[in-house]
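One letter stands for each residue in the lines below.
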Protein chains: 2
Amino acid sequence: MSYEFGFRVRRIDHVGVAVTDLDAALEDYRERFGGRCVHREVNEEQGVEEAMVAWPEGSTQLQLLAPLRPDSPIGRFLDKRGPGLQQMAMTVDDVDAACESLRAQGLELLFPEPKRGTADSRINFVHPRDAGGVLLELVEPAAE
Amino acid sequence: MSYEFGFRVRRIDHVGVAVTDLDAALEDYRERFGGRCVHREVNEEQGVEEAMVAWPEGSTQLQLLAPLRPDSPIGRFLDKRGPGLQQMAMTVDDVDAACESLRAQGLELLFPEPKRGTADSRINFVHPRDAGGVLLELVEPAAE
Ligand SMILES: [Co+2]
Ligand SMILES: [Co+2]
């Protein structure tokens, strides 16, 4: 494994799914698949209301993302593609080092500086063009 | 949590990404993100060559899917959407019970009977129409 780049991916943090109705989606995942809502918040800056859903085994969570307004990233995604898989996120130990390393390899990051993500994490995204069509989020969790 | 339906979701099993070149994608995830290829196989029936990529923490894996022929599911996906996120899979303890339960709730499954998936698992898919636009795979791992 290549940790020579100054950052380490620990795991797949979450899979993000764009939804139109957050409550209905949470209910579906709970009723049909036993998924438990472990976190919920509004992120005004990103224009999104989001919830994290977890299962008993495994630490990778499902992130349900509903737009606060049509001109938000999730609003535009829904408009263009409809509901469905929107992003994959990786837990990194150091998002600044990750961004520096990936930029040095020629990859484009969406934000000049990391922004606030779920639960006070710090996040950035690799442009899908540089990640095989995947909107790839980098998540440095908040210090415990 | 609702286990009254006769099956249990254990975790998010994997996230599936459609790629055009499996070797190049494996190299990218290894070089840039430290992902380790832990399994690789050809599934003639599904018309796909696939690889599973893992990180040190967390059990959810990345599944890279490359088409063996243009008229395969992944070939058609690439043709329509281009490379990117294609499926999310959940580990279930009993795929037959899961299919029965979900059908009883009115959800459409793609196969009348589970088929062989990665590493002798047994799999089926919920139709994206009935899963919020997500192609949702159900995976019962092979007995150890
Ligand atoms: Co996210
Ligand atoms: Co799969």
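Analysis parameters
- Counting from 1, residues in each chain are numbered in the order their sequence is written.
- Chains and ligands are labelled sequentially in the order written, the chains with letters from A and the ligands with numbers from 1.
- Predicted model: local features are reported for residues with pLDDT of at least 70 only, side-chain atom pairs are reported and counted for 80 or more only, and whole-chain, interface and lining totals are derived from all residues.
- Side-chain measures here rest on the full set of heavy atoms in the structure, leaving out hydrogens and waters.
- Strands are runs of DSSP state E lasting at least 2 residues, helices are runs of H or I lasting at least 4, and numbering of each runs from the N terminus.
- The atom set for the radius of gyration is the C-alpha atoms, and the globule formula is 2.2 Å times the number of residues raised to the power 0.38.
- A 1.4 Å probe rolled over the protein chains alone gives each residue an accessible area, and that area as a share of the maximum for its type sets the label: buried under 20%, exposed over 50%, partly exposed in between.
- The criterion used for residue contact is that any of the two residues' heavy atoms lie within 4.5 Å.
- To be clear on the numbers: accessible area is Shrake-Rupley with a 1.4 Å probe, and residue cover counts the displayed protein chains and nothing else.
- His is not counted here, nor are the chain ends, while Lys and Arg score as positive and Asp and Glu score as negative.
- Think of each charge as sitting on NZ of Lys, CZ of Arg, CG of Asp or CD of Glu.
- Donors, by definition, are the N, O and S atoms found within 2.8 Å of a metal, the threshold being 3.2 Å for Na, K and Ca, and water is not counted, so a site can look incomplete.
- A four-donor site is classed as tetrahedral when every donor-metal-donor angle falls between 85 and 135 degrees; four donors are called square planar, and six octahedral, when trans pairs exceed 155 degrees and all remaining angles lie between 65 and 115, with any other arrangement labelled irregular.

Visitor: Would you mind going over the overall build of chain A with me for this structure?
Guide: When helices and strands are tallied, chain A shows 3 helices and 8 strands. When the helices and strands of chain A are listed from N to C terminus, the series reads β-α-β-β-β-α-β-α-β-β-β. Scaling as 2.2 N^0.38, a compact globule of 144 residues should have a C-alpha radius of gyration of about 15 Å, and chain A matches this with 15 Å. Expressed along its principal axes, the backbone C-alpha trace of chain A runs to roughly 45 × 35 × 25 Å. Across the 144 residues of chain A, 53% fall into the buried class. Restricting to contacts in chain A with at least 6 residues of sequence separation, those with at least 24 account for 54%. Carbon and sulfur atoms make up 47% of the accessible area of chain A, which totals about 6,400 Å². Looking at charge distribution, chain A has the averaged site of its 16 positive side-chain charges lying 2 Å from that of its 26 negative ones.

Visitor: Help me understand the environment of Ala 18 of chain A in this model?
Guide: All names here are of chain A. Examined against the element boundaries, Ala 18 turns out to sit in strand β1 (residues 9–18). Relative accessible area serves as the criterion here: at 0%, Ala 18 is assigned to the buried category. Spatially, the C-alpha atoms of Ala 18 and Gln 86 are 6.0 Å apart, while their sequence positions differ by 68 residues. Apart from residues lying up to four places away in sequence, Ala 18 is in contact with Leu 65, Ile 74, Phe 77, Leu 78, Pro 83, Gly 84 and Gln 86.

Visitor: Explain the coordination of the cobalt ion (ligand 1) here, please?
Guide: Expected angles at a metal are 109.5 degrees for tetrahedral coordination by four donors and either 90 or 180 degrees for octahedral coordination by six donors. Residues and elements named next belong to chain A. At the metal site, the cobalt ion (ligand 1) is ligated by His 14 (NE2), Gln 63 (OE1), Gln 87 (OE1) and Glu 137 (OE), and these contacts range over 2.1 Å. Each of the 4 donor atoms around the cobalt ion (ligand 1) contributes to a set of angles spanning 73 to 163 degrees, which defines the coordination as irregular. Sequence spacing among the residues donating to the cobalt ion (ligand 1) works out to H-x48-Q-x23-Q-x49-E. Of this pair, His 14 sits in strand β1 while Glu 137 is found in strand β8 (residues 136–140), placing the two residues 123 residues apart along the sequence.

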